[in-house]
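The primary structure of each chain is shown beneath.
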Amino acid sequence: MLKGKVALVTGGSRGIGAAVVRKLASQGADVAVVYAGSEEAAEAICREIREEYGVKAGAYRCNVADFAEVKQTVNQVKADFGTVNILVNNAGITKDGLIATMKEQDFDDVISVNLKGAFNMIRHCTGLFIRNRGGSIINISSVTGIMGNAGQANYAASKAGVIGLTKSVARELAPRGVTCNAVAPGFIDTDMTKELHDSPLAASIPLGRMGKPEEVAEAVAYLASAGYVTGTVIQVDGGIAM
Ligand code: NAP
């Protein structure tokens, strides 16, 4: 279904991003896996999808928060794969703390990776999408960006920002045939949420369990080939934010 398409997935080395890489590759897409530090994991997933699905794959170390580094990485991916058709902005971090004591650096770091990182990637891939007269941008937001969450003001602001970014880019690039959507996961079982398993928040999920990375990847794969859907936010959250 995605044969001949090139996907760039940020944060593809672990968690939700790794599930997205596997899912898109299973549908035939070639995949550029962007990671921050987990070189071994990124190389391993590239090997895995090459062997399993016969697609092309490459790992790229890049701090998505760095405008110049992102430009260089997108240029390298273009040189290696020819273009980018699907951009999944998934890289993200948390630096939780109460607002009364949150460090300025923790606010800046979370905004830089989660929000500016998505901007940087979109900014540098848009020329390719315009040239191709099409493309799919999928940004990973969070239900926290919709509902807010005590102790996560920086994270919630970044994820609400991602929704505003998504809708503006969707409007701006629609005339070019480019779609831009967001997925807002609830509590998904990854490294990011290892401490949440027994929390009251996890207990309040209507479907009664945390989500799996593969369940988020399903929504990403849908948006990657849904030509008449743009500017939406798909919640994959077990009902927590209804
Ligand atoms: P995770 O397991 O902690 O993985 C984070 C990924 O982002 C890793 O691949 C990491 O690369 C990469 N990354 C972090 N900082 C980066 C940077 N500066 N530049 C490039 N890559 C960077 O997280 P996850 O739970 O899979 O979350 C993935 C996305 O879903 C995030 O945007 C997160 O906010 C969002 N989300 C998660 C949940 C949840 O419950 N898990 C819920 C809602 C939304 P390295 O491996 O190299 O460090």
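Residue indices follow the written sequence of each chain, beginning from 1 at its first position. In keeping with the predicted nature of the model, local features appear solely for residues at pLDDT of at least 70, side-chain atom pairs appear and are counted solely at 80 or more, and the whole-chain, interface and lining totals rest on all residues. Where side-chain values are given, they derive from all heavy atoms of the structure, hydrogens and water being excluded.

Quick look at the sheet that holds strand β5 (residues 135–140) now. Whether two strands pair depends on DSSP finding at least two bridges between them. Here a strand is any run of E in DSSP of at least two residues, a helix any run of H or I of at least four, and the numbering for each starts at the N terminus. Ordered by their spatial adjacency, seven strands build an open sheet running β3-β2-β1-β4-β5-β6-β7, and the pairing between neighbours is parallel. Unpaired on one side and paired on the other, β3 (57–61) and β7 (233–236) mark the two borders of the sheet. Averaged over neighbouring strand pairs, the angle between their axes works out to 15° when direction is ignored. The strands that helix α1 (residues 15–26) touches are β1 (6–10), β2 (30–35), β4 (86–89) and β6 (178–185); relative to β1, the one it contacts most, it runs at about 170°. Only heavy atoms matter for contacts: two residues are in contact if any of them lie within 4.5 Å across the pair. Helix axes use the C-alpha atoms of the stretch in contact, all axes being lines fitted to C-alpha atoms, and the angles between their N-to-C directions lie in the range 0 to 180 degrees. Here helix α4 (residues 104–132) sits on the sheet in contact with β1, β2, β4, β5 and β6, set at roughly 175° to β4.

What follows deals with the side chain of N139. As for its position among the elements, N139 is in strand β5. By the criterion applied in these results, polar contacts are pairs of N or O atoms within 3.5 Å in which, for protein atoms, one can donate a hydrogen and the other can accept it, and in which residues neighboring in sequence qualify only through two side-chain atoms. In this structure the side chain of N139 is engaged in a polar contact, spanning 3.0 Å, whose partner is the side chain of T166. In contact with N139, not counting residues within four places along its chain, are N89, A118, I122, V162, T166, C180, N181, A182 and V183.

Here we come to the pairing of β6. Note on classification: 1.4 Å probe, protein chains only; a residue is buried when its accessible area is under 20% of the maximum for its type, exposed when over 50%, partly exposed between these limits. With respect to burial, β6 is a largely interior element, eight of its eight residues being buried. Going residue by residue along β6, you find V178, C180, A182 and A184 tucked away on one face and T179, N181, V183 and P185 tucked away on the opposite face as well. Sheet topology note: the β5/β6 ladder contains six bridges and is parallel. When the sheet's bridge partners are listed, I138 is paired in β6 with N181. Relative to β7, β6 runs parallel, the two being bridged by four bridges. Paired with A184 across the bridge in β7 is Q235.

Once that is clear, we can look at the packing of α1 against helix α2 (residues 39–53). Where α1 meets α2, the axes come as close as 10 Å, and the angle between the chain directions of the two elements is 20°. As the angle between them shows, α1 and α2 are arranged roughly parallel. Of the two elements, α1 crosses α2, and the hand of that crossing is right-handed. Between α1 and α2, the contacting residues are A18, V21, R22, A25 and S26 on the first element and I45, E48, I49 and Y53 on the second. Should an angle fall under 35 degrees it is called roughly parallel, over 145 degrees roughly antiparallel, and 65 to 115 degrees roughly perpendicular, with every other angle called oblique. Working rule for handedness: look at the near helix, and if it is turned counterclockwise from the far one by less than a right angle, call the crossing left-handed; if clockwise, right-handed.

Following the sequence through the fold, S13 ends up in the loop between β1 and α1. For S13, a relative accessible area of 13% gives the class buried. In this view, S13 contacts A18, V33, Y35, S38, A41 and A42; residues no more than four positions away in its chain are not counted.

This paragraph deals with the layout of surface pockets. Cavity: a set of points on a 1 Å grid over the protein atoms alone where a 1.4 Å probe fits but cannot get out. Pocket: an open set with protein on both sides within 12 Å along at least five of seven lines, its lining residues, like those of a cavity, having an atom within 4 Å of a point. Grid points are joined across faces, edges and corners, and a volume is the space filled by probe spheres set on the points. When its volume is computed, the largest pocket comes out at roughly 1,000 Å³. Lining the largest pocket are 44 residues, and of these G92, I93, T94, T190 and M192 lie nearest its centre. At the level of secondary structure, the elements contributing two or more residues to the lining of the largest pocket comprise α1, β2 and α6 (153–173). Counting residues per element, the lining of the largest pocket draws most heavily on α1, at three residues. Per-class residue counts for the lining of the largest pocket are 19 nonpolar, 19 polar and six charged. Its volume calculated, the second largest pocket comes out at about 190 Å³. Taken together, 15 residues make up the lining of the second largest pocket; nearest its centre are K5, N85, G135, S136 and A224. Grouping the constituent residues of the lining of the second largest pocket by class yields five nonpolar, nine polar and one charged. Charged residues are taken to be Asp, Glu, Lys and Arg, nonpolar residues to be Ala, Val, Leu, Ile, Met, Phe, Trp, Tyr, Cys and Pro, and polar residues to be all remaining types, Gly included.

Here we take up the site of the ligand. Only heavy atoms are used to decide nearness, and a residue is near a molecule or strand if one of them lies within 4 Å of it. In the vicinity of the ligand, 30 residues are found, and the nearest of them are S13, G37, S38, Y155 and T190. At 2.7 Å, a side-chain N or O of S13 approaches an oxygen atom of the ligand. Measuring from an oxygen atom of the ligand, one finds a side-chain N or O atom of S38 at 2.5 Å. Only the protein chains shown count as cover for residues, with accessible areas throughout obtained via the Shrake-Rupley method and a probe of 1.4 Å. In isolation the ligand has 900 Å² of accessible area, and contact with the protein removes 93% of it. According to the grid-proximity analysis, the pocket containing the ligand is the largest pocket. Residue assignment for the shell around the ligand shows that the elements contributing at least two residues are α1 and α6. Class assignment for the residues of the shell around the ligand results in 14 nonpolar, 13 polar and three charged. Pocket or cavity membership: a molecule qualifies when more than half of its atoms sit within 2 Å of the grid points of that site.

Such coordinate-based values are descriptive only and should not be taken to indicate function.
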